[in-house]
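The residues making up each chain are set out below.
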Amino acid sequence: MTQTAQGLLRWTRRSVRGVAVIALVLAGCGSGGGESRTPDAAATADAQATPDPSAGAAVPGVFDDRVVFGQSAAFSGPAQELGINMNLGIMAAFEEANRSGGIHGRILELRTRDDAYEPEAAITNTQDLIEAEQVFALIGAVGTPTSRSATPVAADAGIPYVAPFTGAGFLRNDDWDNIVNLRASYAQETEEMVERLTTDLGVTRIAVMFQDDSFGRAGYNGALAAMERRGMELVSTGVYPRNTTAVKSGLLDLRSGNPEAVIVIGAYQPVAALVSWARHIGFDPIFMTVSFVGSNALADELGSGGEGVYVTQVVPFPHDGSIPVVASYTAALAAYDPQVEPGFVSLEGYIAGRMAIAGLQACGAELTRDCFLENILGAGQIDIDGFNLDFGAEADQAVDNQGSDAVFLTAIDANGAYRSAASLGETGP
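Residues numbered from 1 in each chain as written. Predicted model: local features only at pLDDT ≥ 70, side-chain atom pairs only at ≥ 80, totals over all residues. Heavy atoms only, no water.

Draft legend 1. Broad picture of the overall build of the protein. When helices and strands are counted, the protein shows 13 helices and 14 strands. Expressed as a percentage of the 429 residues in the protein, the buried residues total 58%. Put simply, 69% of the contacts in the protein that link residues at least 6 apart link residues at least 24 apart. Carbon and sulfur atoms make up 48% of the accessible area of the protein, which amounts to about 15700 Å² in all. (Helix = DSSP H or I, 4+ residues; strand = E, 2+ residues; numbered from the N terminus. Buried < 20%, exposed > 50% of the residue type's maximum accessible area, 1.4 Å probe, protein only. Contact = heavy atoms within 4.5 Å. Areas by Shrake-Rupley, 256 points an atom, 1.4 Å probe, with all protein chains shown as cover.)

Draft legend 2. The arrangement of the state of the cysteines in detail. The tally for this structure, following the rule as stated, stands at one disulfide. The side chain of Cys363 participates in a disulfide bridge whose partner is Cys371; the two sulfur atoms lie 2.2 Å from each other. Disulfide Cys363-Cys371: torsion about the S-S bond near -125°, hence left-handed. Cys371 sits in the buried class, given a relative accessible area of 17%. (Disulfide = S-S within 2.5 Å.)

Draft legend 3. Summary view of the sheet that holds strand E13 (residues 408-412). An order of E7-E6-E8-E9-E10-E13-E14 is seen for the seven strands of this open sheet, with the pairing classed as mixed. Among the strands making up the open sheet, the edge pair consists of strand E7 (236-240) and strand E14 (418-420). Shown here is a sheet whose adjacent strand axes are inclined to one another by a mean of 25°, direction ignored. Note: strand E6 (residues 206-211) against E7, five bridges, orientation parallel. Looking at the pairing, Met209 lines up with Gly238 of E7. On the sheet, helix H7 (residues 214-229) packs against E6, E7 and strand E8 (261-265) and is oriented at approximately 165° with respect to E6. (Pairing = 2+ DSSP bridges. Axes fitted to C-alpha atoms, helices over the stretch in contact; angles between N-to-C directions.)

Draft legend 4. Structural detail: the packing of aromatic side chains. A complete count under the given rule lists twelve aromatic pairs for this structure. Summarising the aromatic geometry, the rings of Phe344 and Tyr418 are spaced 5.7 Å apart at their centres and angled 80° between planes, so their arrangement reads as edge-to-face. Here Phe344, found in helix H12 (residues 344-363), pairs with Tyr418, found in strand E14; they are 74 residues apart in sequence, far enough to count as distant. The same class applies to Phe344 and to Tyr418, which are both buried. Among the aromatic side chains, those forming a connected cluster through ring pairs are Tyr117, Phe165, Tyr186, Phe215 and Phe292. (Phe/Tyr/Trp six-rings, centres within 6.5 Å; stacked < 30°, edge-to-face > 60°.)

Draft legend 5. Here's a closer look at the packing of helix H3 (residues 80-98) against helix H11 (residues 324-336). Look at H3 against H11: their axes get within 9 Å of each other, and the N-to-C directions meet at 90°. Judged by the inter-axis angle, H3 sits roughly perpendicular to H11. Along its contact with H3, which presents Leu88, Met91, Ala92, Glu95 and Glu96, the element H11 presents Ser328, Ala332, Leu333 and Tyr336. A class-by-class count of the residues in the contact of H3 with H11 yields six nonpolar, one polar and two charged. (Parallel < 35°, antiparallel > 145°, perpendicular 65-115°, else oblique. Nonpolar A, V, L, I, M, F, W, Y, C, P; charged D, E, K, R; others polar.)

Draft legend 6. Highlighting the sheet that holds strand E1 (residues 66-73). Read across the sheet, five strands follow the order E2-E1-E3-E4-E5 without closing on themselves; strand pairing throughout is parallel. Taken across any chain shown, the strands that pair with only one partner, and hence form the sheet edges, are strand E2 (107-114) and strand E5 (179-180). Both strand E4 (residues 161-162) and E5 contribute to a ladder of two bridges, which runs parallel. Each bridged residue has a counterpart across the sheet, and for Val162 the counterpart in E5 is Val180.

Draft legend 7. Geometry of the pattern of salt bridges. The final tally for this structure, using the stated rule, is 19 salt bridges. A salt bridge links Arg111 to Glu133; the nearest nitrogen and oxygen atoms lie 2.5 Å apart. Taken together, the residues Arg111 in strand E2 and Glu133 in the loop between helix H4 (119-131) and strand E3 (137-139) connect sequence positions 22 residues apart. Its relative accessible area of 13% is what places Glu133 among the buried residues. Between Asp413 and Arg419 there is a salt bridge whose closest N-O contact spans 3.3 Å. (Salt bridge = Lys/Arg side-chain N within 4 Å of Asp/Glu carboxyl O.)

Draft legend 8. Structural context of unusual backbone geometry. A positive phi angle, near 55°, is found at Ala116, a position not held by glycine. Its location among the elements puts Ala116 in the loop between E2 and H4. Positive phi outside glycine occurs at Tyr117, with the angle close to 65°. Its location among the elements puts Tyr117 in the loop between E2 and H4. Judged by its relative accessible area of 1%, Tyr117 is buried.

Draft legend 9. Geometry of the nonpolar core. Core analysis: the largest hydrophobic core is formed by 116 residues, its most contacted members being Phe69, Phe136, Phe292, Leu298, Met355 and Phe372. When sequence neighbours within four positions are dropped, the list of residues in contact with Phe69 reads Phe94, Glu109, Leu110, Arg111, Val135, Phe136, Ala137, Ile139, Ala356, Leu360 and Phe372. Within the second largest apolar cluster, 16 residues are counted, among which are Ala154, Ile159, Tyr161 and Ile179. (Core = buried A, V, L, I, M, F, W, Y, C linked by side-chain atoms within 4.5 Å.)

Draft legend 10. Seen up close, the confidence of the model for the protein. Mean pLDDT for the protein: 87, with 84% of residues reaching 70 or above. Of the regions scoring below 50 in pLDDT, residues 1-5 engages in ten contacts with residues more than four places distant in sequence or in other chains. Below a pLDDT of 50 lies the segment residues 13-51, which in the model reaches 74 contacts outside its immediate sequence neighbourhood of four places, other chains included. (pLDDT = per-residue confidence, 0-100.)

Draft legend 11. The side chain of Asn181, seen in detail. Structurally, Asn181 can be placed in the loop between E5 and helix H6 (186-200). A distance of 3.0 Å separates a polar atom in the side chain of Asn181 from the backbone oxygen of Leu171. (Polar contact = N/O pair within 3.5 Å; in protein donor to acceptor, adjacent residues only side chain to side chain.)

Draft legend 12. Structural context of the environment of Ala417. Examined against the element boundaries, Ala417 turns out to sit in the loop between E13 and E14. Sequence separation between Ala417 and Ser295 is 122 residues; the distance between their C-alpha atoms is 9.8 Å. Not counting the four nearest positions on each side in its chain, Ala417 is found in contact with Ala411 and Ile412.

This is how it looks when you write it as structure tokens:
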């Protein structure tokens, strides 16, 4: 069974677990060949048994016995492993809290909708989660184009938009007062790439391949700015359409510039297709890609052909139990679903869940959306088992809405596993 099929089965199995009431709406799948799915009988019965979300809630999504969050993400199509694993990590954190009685006596629930990484579906799902499901906050959205479409809807409703799985710059704009970013930005990831290429290896000929949408352009602009700061220019660029693996034309454009290194801004399936085709035709520059790619899925897609591909990460190594937050994550993940493997995306989801829990905890029993946002964005530093978030609320700093600036460099080895890389050309044990 492929990893994609296993991911769908894991998500479907988790969708009917007792504590989390997850309503699945999987219509409108993308054009990338993802299989359409409808809720099975158990999930449908679970959804029908869910109490009226508006009944007895003075604050939307807040009840005497529970707090209800919503997530619109890719659960089908070429980016589905990202949504599945963000959901996995969030739910591992939520159920960890629920096993201890919840937060101030309230268990945490998550309602989900599948947007298949398509902006139009993200708008519809966000409206439905806010208006029909009456969720308290949105968490764990996947992608720049979907977030660009959903954030105005969330802002108009005054609903928190927490930990989207994207490093797009527009989400970090000072004008937003309802967005909480967990991760480093794409500009920070591409800056690290260019710094390592030029400093570690003396590379001067760099190209960029990017997805032809707001996500791809965010990464492209970050790489371009990093190059310009060093008085350099890109030698070539290539593009491909979202939710496809149509990379061959872009590959030829890249090769025309004879680059030493290619920075790729895309999801795991098209990135894997690009690397595989490049090596098939004897084009073998250094390939580097950003954390959004979905690291575990990328390694699985590439198999033995992934050796030497570099990926920047925004969370620690998910197998390093010497890191306290990773030890907490692996224990929570095993308790929630012992059949799944730890990974970078689900670790990010877990930290996102823990960040939301910190905001809920600080509010006490009288929970409101304003209190929740204030106790994250205005908290200054939040320590999640040693993974420190800093929202810059000290006396000499303006409040910002991004908690972490951390970027980690990793590489795929000959066995298809990830290794930490202190610098390009060097990997850890």
